[in-house]
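# A look at the structure
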Amino acid sequence: VQLQASGGGLVKAGESLRLSCATSGRTSSSYAMGWFRQAPGKEREFVANINLATSYADSVKGRFTISRDNAKNTVYLQMNNLKPEDTAVYFCAARVGLRSVRPSDYDHWGQGTQVTVSS
């Protein structure tokens, strides 16, 4: 499985972005998909994941929505009401089996897409 993240950019606080993660292979519901982010000087952190259900980091709950379109082999992260603290490189990841919040549990990673939110 190869992953390609896109959709990042420079926005102002309060605006929205939608990230996409296209996969080269078929990522059926047997794959859990996750979004993570990494800000400069910080560790990679969990943002959201999805399989048959979804979960979110507390910092993004109510603002971000993860979804998937298995027919298009694509996972999305809709980000609304963005804040400067959301600035980071965002990565999508895939693993077979259950959802996880730990980056080390994921076997496949995309290259990352930069999201910058100005105040």
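Residues numbered from 1 in each chain as written. Predicted model: local features only at pLDDT ≥ 70, side-chain atom pairs only at ≥ 80, totals over all residues. Heavy atoms only, no water.

## Considering the environment of Met 79
Its location among the elements puts Met 79 in strand β8 (residues 74-79). Placed 37 residues apart in sequence, Met 79 and Thr 116 show a C-alpha to C-alpha distance of 12 Å. Filtering out sequence-adjacent residues up to four positions away, Met 79 remains in contact with Glu 15, Ser 16, Leu 17, Leu 19, Arg 63, Phe 64, Tyr 90 and Val 115. (Helix = DSSP H or I, 4+ residues; strand = E, 2+ residues; numbered from the N terminus. Contact = heavy atoms within 4.5 Å.)

## Structural notes on the pairing of strand β1 (residues 3-6)
Residues Leu 3 and Ala 5 line the buried face of β1, whereas the alternating positions Gln 4 and Ser 6 sit on a face that is not buried. In this sheet, strand β3 (residues 17-23) lies alongside β1 in antiparallel orientation, the contact comprising four bridges. Bridge assignment links Leu 3 to a residue of β3, and that residue is Thr 23. (Buried < 20%, exposed > 50% of the residue type's maximum accessible area, 1.4 Å probe, protein only. Pairing = 2+ DSSP bridges.)

These figures come from the coordinates and say nothing about function on their own.
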